[in-house]
Amino acid sequence: MKKLFTILILLSSFCSLTQREFILSSIKSPIGTHQLSHPSHEGLPIFNQYIKRNIFNSRTDIYKSITTPYPINRILLSDDTILEEYSGFIKSNNQFILVKSVTILSKSESYTLFISEEGETIHHLNHTSNLKDTIITGSVFLPDPITSSRQTYGIPYADNNDGTNDNLNNELFEVTIPARFENDSFILENKHLKITNQSTPDILATSKSDNDFRFNRSQQGFEEVHALYHISKFAEYLKDTLGFETIMDYQIAVDVYALNGKDNSEFISTTNPPRLNFGQGGVDDAEDPDILIHEYAHAVSNSAAPNSLDGYERLALDEGLSDYWAAVYSKRMNDYNYQKIFNWDGHNEFWAGRSLDNNRKYSDGLDGNKYTDGELFGATLLDIRSSMNEIIFDKLVMQSNYSWFPNMSFSQAAEQIIKADSIMYDGHHSNLLFTIFYNRGFLNEDYGNTINDFDWTPIIDYELLNQGILSIENIPNSVHVQLLTLSGRLIWQEKSVSKPIEIPSVSHGIYLLRVNNKVFKFYF
């Protein structure tokens, strides 16, 4: 058994936030800090319990969750590479079970196994994000030959065993891409990614003595250039256009001839650096920017909210978010059928592809397939994006991703977007966001109204409140009233209110109304 490094005790990288918590990650976003930690028992972490803290200027949101143990018939094997090893507990049926947490890499798969003292794997995490039945895309189609030609899949716009023809060649565009020059060779590598060989078949990355990498899809090197160009462009959009400069602060390793020719692609988070592997079954996966961006978006989500990919809805959300970013990237080049995902790789004889054109509601229940349920989330995001400034909404989606945590629900993901708008834009878009999330069944009409546990509860005249007048029917002698943004910023207050009072005019949005120690959330 190979060991890259072994940690038998908790080191400083897995240090105590307090005596009761162990930090998994602490990520800074443009507007706050986002920490994920495990609570502890007898000085060791409880691996299937999580605490997420989203810390803003004057507000901290705390979420707690627990994962039901998920056993697997898998033990350590002699060819497993051990990446990390810790001691701790799994909580199950109110019992604390002592386990060893072992993160392994085996071929192209990566797991964390939680092994009891009896040698049984009583829980596990799968760190491999897969895109099933996918096909690979090529170099500098913009975005793909089906979209740019506005044709349907079929001869001459077909895979034909990686063959090319005049029609497909006509859909190639000449582009310039940042790369690297080293030892008298041009290498397909830049600050965002490095084309490499890390999975069978063993095909080394293309390098040349000159800077002409113009290939067609029948030539080796085409998929490599395609991946380098499209992933780099999307990374630039997130960092330069949206302003998330610290997201993906590492160079990701990319193999476009991977997985032994399977029709499959994957993101692996546990290697150093993390990896993207693209298979070659059907249409080569790296020939379709939708697949390139979908898999890279898994890496982006992991960079924003590391260690949080746990729980069914959380997994489905990641799929939907990745589909959303694929659609966003495609639409920026060509809006033809942009809601169809994997236009070139799918929607053909190889597999059905996906679509973010649906009218499903979260309140009607989920399908139980994370890819299908992810389409619901992605479609809802596109609904909102089509109704407001696209760049602003993309900023809200990216910012909200930092606040994601294990076992979160679709409703909680919607709430994080509304909170991001409150902090970044003073809730300017809150009515639109709430309306679409409400229509899609993510939120109900009582969303956000919370009352603290004190004896007295004010009875508020809501009709007058909609007119900007606060009238409390059962008011005691006097009350202290505050109006705040969702981030906790004080807008207005009055300390001795004993009769109806006019609230200052504010822009439309969601606000917190505090009456003594009671807090309500309202839409003005």
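The notes below deal with the structure included here. This is a predicted model, so every value here is computed, not measured.

Within the largest apolar cluster, 97 residues are counted, with the highest numbers of intra-cluster contacts made by Val254, Trp325 and Phe393. Tallying contributions element by element places helix 3 (residues 222-241) first for this core, with 10 residues. If near-sequence neighbours (up to four positions away) are discounted, tryptophan 325 is found in contact with Phe234, Tyr237, Leu238, Leu242, Ile293, Ala297, Asp394, Val397 and Met398. One finds Val481, Trp492, Ile503 and Val515 within the second-largest nonpolar core, a separate group that totals 12 residues.

The full count for this structure, using the stated rule, is 24 salt bridges. Of the charged contacts in the structure, one is a salt bridge between glutamate 182 and arginine 180, with a shortest N-O distance of 2.1 Å. Taking relative accessible area as the criterion, glutamate 182 reaches 29% and is therefore assigned partly exposed. Judged by relative accessible area, arginine 180 falls into the partly exposed class, the value being 33%. Among the salt bridges present, the one from lysine 233 reaches glutamate 236, with a minimum N-O distance of 3.8 Å. With lysine 233 and glutamate 236 both in helix 3 and three residues apart, this pair spans about one turn of that helix. Assessed through its relative accessible area of 35%, lysine 233 is described here as partly exposed. Each member of the salt-bridge network shares a partner with another, and the members are Arg59, Asp61, Glu415 and Lys419.

Taking 1.5 Å of rise per residue, the 16 residues of helix 4 (residues 289-304) would be expected to cover 22 Å, and the 22 Å separating its terminal C-alpha atoms lies within 8% of that figure. The buried count for helix 4 comes to 15 of 16 residues, which makes it a mostly enclosed element.

Below, the discussion takes up the pairing of strand 6 (residues 49-55). Where burial is concerned, most of strand 6 is hidden: six out of the seven residues are buried. Where strand 4 (residues 32-41) lies against strand 6, five bridges are found, and the strand directions are antiparallel. Residue serine 37 lies in a different strand from strand 6, and its bridge partner there is isoleucine 51. Pairing of strand 6 with strand 7 (residues 60-66), which is carried by seven bridges, proceeds in the antiparallel orientation.

Glancing now at the side chain of aspartate 144. For aspartate 144, the position within the fold is in the loop between strand 12 (128-131) and helix 1 (145-149). Salt bridges are absent for the buried aspartate 144, whose nearest opposite-charge side chain, lysine 340, sits at 9.1 Å. For aspartate 144, the side chain forms a polar contact with the main-chain nitrogen of isoleucine 146, separated by 3.0 Å. Residues in contact with aspartate 144, not counting those within four places in the same chain, are Pro289, Asn343 and Trp344.

What follows is about the packing of aromatic side chains. Enumeration over the complete set of coordinates arrives at 23 aromatic pairs. Between phenylalanine 234 and tyrosine 296, the aromatic rings sit 6.1 Å apart at their centres with planes inclined by 85 degrees, giving edge-to-face as the arrangement. Remark: tyrosine 296 occurs in helix 4 and phenylalanine 234 occurs in helix 3; sequence separation between them is 62 residues. Note on phenylalanine 234: relative accessible area 1%, which makes it buried. Overall, tyrosine 296 belongs to the buried group, its relative accessible area being 1%. Judged by centre distance (5.3 Å) and plane angle (35 degrees), the ring pair of phenylalanine 342 and tryptophan 351 falls under tilted. By way of ring pairs, the aromatic residues Phe234, Tyr296, Tyr324, Trp325, Tyr329 and Phe393 are connected into one cluster. The ring of phenylalanine 213 has lysine 208 sitting right over it, with the charged end atom 5.7 Å from the ring centre.

Definitions and cut-offs
Residues numbered from 1 in each chain as written. Predicted model: local features only at pLDDT ≥ 70, side-chain atom pairs only at ≥ 80, totals over all residues. Heavy atoms only, no water. Core = buried A, V, L, I, M, F, W, Y, C linked by side-chain atoms within 4.5 Å. Buried < 20%, exposed > 50% of the residue type's maximum accessible area, 1.4 Å probe, protein only. Helix = DSSP H or I, 4+ residues; strand = E, 2+ residues; numbered from the N terminus. Contact = heavy atoms within 4.5 Å. Salt bridge = Lys/Arg side-chain N within 4 Å of Asp/Glu carboxyl O. Expected span 1.5 Å × (residues − 1). Pairing = 2+ DSSP bridges. Lys, Arg positive; Asp, Glu negative; His and termini not counted. Polar contact = N/O pair within 3.5 Å; in protein donor to acceptor, adjacent residues only side chain to side chain. Phe/Tyr/Trp six-rings, centres within 6.5 Å; stacked < 30°, edge-to-face > 60°. Lys NZ or Arg CZ within 6 Å of the ring centre and 35° of its normal.

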